[in-house]
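Here's the letter readout for the chains.
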Amino acid sequence: LRNGAGRCLTHLDLDGNYLGELGGAYLGIALRRNGCPRLETLRLGGCALGDGGVSRIAAAFAMRERQARRLRCLNLANNGMTADGFGCLADRVG
């Protein structure tokens, strides 16, 4: 996502990669700073993001509403999210 590489990215599949909450936070920062205006699919299943990582990713999409509207598929299955994480996601992404 560095140096504008995310501009052409339409699908990002990181399913099964252990990112953890810290990795989710870094991904959220990258999405917020560099953006991926054409991103339609983001697969993050089984990445152990937890509530903290998911909230940082959701915050990035909240700051880039245009990007969030284009997103058609968001997989966050098996990330250890609680009701707090789901609530944060719903509040920020809609």
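Residues numbered from 1 in each chain as written. Predicted model: local features only at pLDDT ≥ 70, side-chain atom pairs only at ≥ 80, totals over all residues. Heavy atoms only, no water.

Undergrad: Looking at this model, I keep getting lost on the pattern of salt bridges. Mind explaining?
TA: Oppositely charged side chains can form a pair if their charged atoms are brought close together. The full count for this structure, using the stated rule, is 1 salt bridge. A salt bridge links Arg70 to Glu40; the nearest nitrogen and oxygen atoms lie 3.9 Å apart. Linking Arg70 in helix 3 (residues 65–70) with Glu40 in the loop between helix 1 (20–33) and strand 2 (41–43), this pair joins segments that are 30 residues apart in sequence. For Arg70, a relative accessible area of 38% puts it in the partly exposed group. (Salt bridge = Lys/Arg side-chain N within 4 Å of Asp/Glu carboxyl O. Helix = DSSP H or I, 4+ residues; strand = E, 2+ residues; numbered from the N terminus. Buried < 20%, exposed > 50% of the residue type's maximum accessible area, 1.4 Å probe, protein only.)

Undergrad: What exactly am I supposed to notice about unusual backbone geometry here?
TA: Excluding glycine, residues mostly carry a negative phi; peptide bonds, for their part, are mostly trans. Not every positive phi belongs to a glycine, and Ala48 is a case in point at roughly 55°. Among the secondary structure elements, Ala48 is positioned in the loop between strand 2 and helix 2 (50–63). For Asn78, which is not glycine, the phi dihedral falls at a positive 55°. Here Asn78 lies in the loop between strand 3 (73–75) and helix 4 (83–93).

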